[in-house]
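Observations on chain architecture
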Amino acid sequence: MISNHDRSGFFGASDTATIMGNYNTATFKKWWLEKMGIRQSTFSNKAMKAGTYFEHKILDTIPGITKDRQIIIPELHLRVNLDGETETTIHEVKTYKADKFKLSKAYKQQVLVQMFASGKKLAQIDAYRLTDADYLNYFNEIDKERLSEHPIEYDEEFIEQYLIKLKYLCECLEKGVMPKC
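Residues numbered from 1 in each chain as written. Predicted model: local features only at pLDDT ≥ 70, side-chain atom pairs only at ≥ 80, totals over all residues. Heavy atoms only, no water.

Here's the deal with the environment of Lys100
- Counting through the fold element by element, Lys100 comes out in the loop between β3 (89-96) and α4 (105-118).
- You can call Lys100 exposed: its relative accessible area is 68%.
- C-alpha separation for the pair Lys100 and Arg129, spaced 29 residues apart in sequence, amounts to 7.9 Å. (Helix = DSSP H or I, 4+ residues; strand = E, 2+ residues; numbered from the N terminus. Buried < 20%, exposed > 50% of the residue type's maximum accessible area, 1.4 Å probe, protein only.)

Written out as structure tokens, the structure is:
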């Protein structure tokens, strides 16, 4: 669970889709201003709040879990927050409301960067389907029937491509300039 919401000066695993995307969009430029410490996003919604409140309860259903570790790699301006991990496996929690969980490219990329930062080669997304009642009561118990596991396979080629872009963005951040695609 994230307690410090200042996202300036560092790139996180959840930023990976943006890092790998198009730098010529308004969305990217707003994101870059956050990284530069010029703008701060305070966006929140019902789904984000519910996910935050249920995260630890979901992790508590996994034997041998350690929660909330932050990994910092200063030379890459990389700050990665792990939801949970066992001795061998990273556990990233996602909540959703749809009938079925969709493993998005952005989620997979996020977990790949978590694997890179931690040095662990095993990871999974623990997806939990929230009901209308869950959005109204964050104290509801976890129903294991609504919890699904989605293993992520390590992708060395993706990490190599990611590091090229990340190093470029680090240079831009240090120079205080807007990146170009």
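Read on for the rest.
Thoughts on the pairing of strand β1 (residues 66-73)
- Bridge count for β1 against strand β2 (residues 78-85) is 7 bridges, and the pairing is antiparallel. Note that in β2 the partner of Ile73 across the bridge is Leu78.
- What sits between the antiparallel neighbours β1 and β2 is a turn of 4 residues, in which His77 has the positive phi angle 50°. (Pairing = 2+ DSSP bridges.)

Points about the nonpolar core
- Within the largest apolar cluster, 36 residues are counted, with the highest numbers of intra-cluster contacts made by Phe11, Ile19 and Tyr162.
- Among the elements of the structure, α2 (26-35), β1, β2, β3, α4, β4 (122-129) and α6 (156-175) are those that each provide at least two residues to this core.
- With 9 residues, α6 is the largest single contributor of residues to this core.
- Ignoring sequence-local partners within four residues, the contact set of Tyr162 consists of Thr16, Ile19, Met20, Leu78 and Val113.
- With 11 residues, the next largest nonpolar core counts Phe54, Val93, Leu130 and Ile142 among its residues. (Core = buried A, V, L, I, M, F, W, Y, C linked by side-chain atoms within 4.5 Å. Contact = heavy atoms within 4.5 Å.)

Some points on the state of the cysteines
- In total, this model carries 0 disulfides according to the counting rule given.
- No disulfide involves Cys170; its sulfur sits 9.3 Å from that of Cys172, the nearest cysteine. (Disulfide = S-S within 2.5 Å.)

So, the pattern of salt bridges
- All told, the structure shown has 8 salt bridges when counted by the stated rule.
- Of the charged contacts in the structure, one is a salt bridge between Lys97 and Asp132, with a shortest N-O distance of 2.2 Å. You can see Lys97 sitting in the loop between β3 and α4 and its partner Asp132 sitting in helix α5 (residues 132-136), a full 35 residues away along the chain.
- Connected through shared salt-bridge partners, Arg69, Glu85 and Lys120 make up one network. (Salt bridge = Lys/Arg side-chain N within 4 Å of Asp/Glu carboxyl O.)

Section: the sheet that holds β1
- Here 5 strands make up an open sheet; going across it, the order is β1-β2-β3-β4-β5 and the pairing mixed. If you trace the sheet from one side to the other, it starts and ends with β1 and β5 (147-153), each paired once. If you compare each strand with its neighbour and ignore which way they point, the axes differ by 40° on average.
- Across the sheet, helix α3 (residues 46-59) is in contact with β1, β2, β3, β4 and β5; its angle to β3 comes to roughly 140°. (Axes fitted to C-alpha atoms, helices over the stretch in contact; angles between N-to-C directions.)

Structural measurements only, silent on function.
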